[in-house]
Structures are given as C-alpha cells and as structure tokens.
Amino acid sequence: MNESSPENVSYEDQSAYDVADMVKQFFRDLPEPLLTSKLGETFLHIYQYVPKEQRLQAVQAAIMLMSDENREVLQTLLCFLTDVTSVEENQMTPMNIAVCLAPSLFHLNIIKKESSPRVIQKKYATGKPDQKDLSENLAATQGLAHMITECDKLFEIPHDMIAQSRNSYVDAEVHSPTLEELGKQMDEEGGNYQAYLENIMQNLCKEAKEKFKGWVTCSSIENTDLSYKKVGDGNPLRLWKASVEVEAPPSVVLNRVLRERHLWDEDFLQWKVIETLDKQTEIYQYVLNSMAPHPARDFLVLRTWRTDMPKGMCVLVSVSVEHEEAPLTGGVRVVVIDSQYLIEPCGSGKSRLTHICRVDLKGHSLEWYNKGFGHLCAAEVANIRNSFQPLIAEGPETKI
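What you are looking at is a predicted structure, and each value in this text was computed from that prediction instead of being measured.

Procedures and definitions
Residues numbered from 1 in each chain as written. Predicted model: local features only at pLDDT ≥ 70, side-chain atom pairs only at ≥ 80, totals over all residues. Heavy atoms only, no water. Helix = DSSP H or I, 4+ residues; strand = E, 2+ residues; numbered from the N terminus. Buried < 20%, exposed > 50% of the residue type's maximum accessible area, 1.4 Å probe, protein only. Contact = heavy atoms within 4.5 Å. Areas by Shrake-Rupley, 256 points an atom, 1.4 Å probe, with all protein chains shown as cover. Expected span 1.5 Å × (residues − 1). Polar contact = N/O pair within 3.5 Å; in protein donor to acceptor, adjacent residues only side chain to side chain.

So, on to the overall build of the protein. The helix and strand tally for the protein stands at 14 helices and ten strands. In the protein, which comprises 400 residues, the share counted as buried stands at 42%. Of the contacts formed within the protein by residues at least 6 apart in sequence, a portion of 62% connects residues at least 24 apart. Of the roughly 23,700 Å² of accessible surface on the protein, 51% is carried by carbon and sulfur atoms.

Shown next as structure tokens:
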C-alpha cells in the first residue's frame, strides 16, 4: 500500500511501535544495505579503528563516496531521527535509536544467501555470537548514534575536500548569463537575446522535421518515450528528450505548461514574472520544493513561446539568466542550460508533447545525471499528460 499509492497513506491512527517496526523492516528488506555493500565495512571500520577526534572527517569522506540516491536517503533519515530525539517525552536518545535501527541499516546478523550450511553451522554451533559480530554490532550502534548527533555537520563537505575531487562535471561548472551575454553567444555581429532564442526554435523545428535522428533510446515509464544524446560543448551533462501523447490540442497544452504548473507539479511552491520583455517573452522565476532537509530549488529563466508555428505546432523555450531584481528565493539556484517544449497536433484534438531538457540541479554527481535525470523528465511529461485525464464518473451509465 505504501509503495503503490504513498500519497494516500496516513499514519495518524497507527501505533508508533508499528510504524517504527515498518521502517526497520523496510531498510532490512532492501536488496542492499542503505550504506551499500561496498561502503558498509568502511563505516564500521571508522568506528572500530579511527580515533574519535578524526571520525567526523572520515565519515564525511565516506559519505562523499556514496551514490546520490543512498546519500540523500541517509540524510533524510538522519535528520528525521534527530527530530525524534529532540522530543523529550519519547525518551529516545540517539543511542537508544541506534540500538534498534543499526542492525537494519548495516544488515548485520543476516545470513547471506550464498553462505554454505557448513559456514552457518560453524557460526552458530556454540550458541554465542563470535567476537567479530559483537565488535561490528557495537561499531554500528556507536556509529549510527554519532551520525544522528552530528547530522547537521555530516553533509557539509569541506572546501579542501571538494578541491581534491575534480572531474569533468566540476571543471565544466556553468553559470547563468545576462541577457547581453546571451546575445554575444551568437556568431553574427550585433547578436541579441531575441536572435539567440529564435535560433533555438529554428533548430528545434529542424530536428522535429528530421524525426530527431541520432538520439539514443532508453527504457521509460508510464507509456512515455525517453532518449538522450551527448553535446560536444565541454559540459558532460546529457541532453534528454521525453515525449508523450496528450488528450488536448497544442495551444491548451502550451498554456498548461506555461501558466498552470500547479496542476501537474506538486512541488511547485511559488512563481513571479520578473520582467515582461514582449507579449511572448519574459523573465520568469519559480521555486520547486524538495523533501526536508534538502533545499528548495530556485529557477530564474528567460523564456519565449510561439503558437503560430508551421503545421499548428506550439513551442516554448527557456534558458537560465541572471537578473538584478531576482534574488535567490529557494535554497539553491538551478541552471537551466536548455529547455524546449515542442507540442505537435496529432489528430482528434490530441497533441504530441516533447520536452528536451538539460539542467544542472546542483548537488548531484555526473553518474546520477546520466542514470536518473532522464526519468525525472519522463515523469514530468507524464504528469502533464495525466493532468488532462478525464474524470471517471461513478455509478452506472445513464442513456438519454
């Protein structure tokens, strides 16, 4: 029930003990420990062999080695457990919580499937846990208690550590240009932001005419089409393309994307038109929420749209810019390198919605972008499509 429709689950009438057992069981039943099979032993060794005064820095380094997905779940969990310990009446200290939860997070005392009967028999022949098990359990308990206590510091990576972690993604760090700088990116003399946007739209229509040749297809979700291609501009982030059929004409779909984001994006917090440049061009700021304690993401984009394209198509293109009247509102400013919506009519009042997207969300690894970001794009176009789904009337059909 939790996995199939999490938004419909309420724990208000449930026993706190039952919910706590469910959380423990969830982490215990994962195919791989939250701290991962590769790093789990590293975390244990930190609390077994590293001096106390050096453990915080050692754990910070180990956390940097985790995948983005595992690290974000760990941070969310630790901050939640910190909140639990701050409530005096429940008497749950960091150590008490660690005693209960550490075996599930580290997958301790679990018989591995590949263990032979002889190994299992030898392990439990005496009826007592061996010294290695005792040492690991103690390290896991002390480690989790320490991580709960130091939760606010664990995910603050020192600058010198970041400087030593250079890669193509870090080296190609992008910044949002001003309107004037956008125009200078055009090869022609006297280029301006209007010419820059017009060039993007022309290239988009050209790609659509050529059936988007050269894209690599990926498996996707919810009857969406997903593909990507690499861009040879020095930035390793892939350009993703997600497509879906929508039960609405192009102009209506465009308005849904442009002015009705609250109908299809539950993370949409606030928005503001910073400056209207013409009837179809504006500088637009909006903020998307993230699950606590992760920061909300602030977008500031120059965007323009057209409803008079050939063959009834509609287009919306966006790119990040800097603007002196738009200070940071969310926790971190996202850089939209490229965002293009192409909406084509496909008969019977339907449309084909295609979103081409390349965004630096900040705070993620290149591996995460290559593996996961495209599926977020596919989920977005699916949400737009689903916002047009007709209501299903209850009861029998009535003939007139």
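In this section: the side chain of Gln 60. In this structure, Gln 60 sits in helix 3 (residues 52-64). Once residues lying within four places of it in the same chain are set aside, the contact partners of Gln 60 are Lys 153, Leu 154, Glu 156, Ile 157 and Pro 158.

Bringing helix 12 (residues 193-209) into the picture now. With 17 residues, helix 12 should reach 24 Å at 1.5 Å per residue; the first-to-last C-alpha distance of 25 Å fits that figure. Within helix 12 the residues assigned to the buried category are Tyr 193, Ala 195, Tyr 196, Leu 197, Ile 200, Met 201, Leu 204, Cys 205, Glu 207 and Ala 208. Capping of helix 12 at its N-terminal end is provided by Asn 192; its side-chain oxygen lies 3.2 Å from the backbone amide nitrogen of Gln 194. A positive backbone phi angle near 65 degrees is found at Lys 211, which sits one or two residues after helix 12.

By the secondary structure assignment, Asp 298 is in strand 6 (residues 297-306). Along the chain, Asp 298 and Gln 270 lie 28 residues apart, while their C-alpha atoms are 9.6 Å from each other. Apart from residues no more than four positions distant in its own chain, Asp 298 is found in contact with Gln 285, Tyr 286, Val 287, Pro 327, Leu 328, Thr 329, Gly 330, Val 332, Arg 333 and Val 334. At 2.4 Å, the side chain of Asp 298 forms a polar contact with the side chain of Arg 333.

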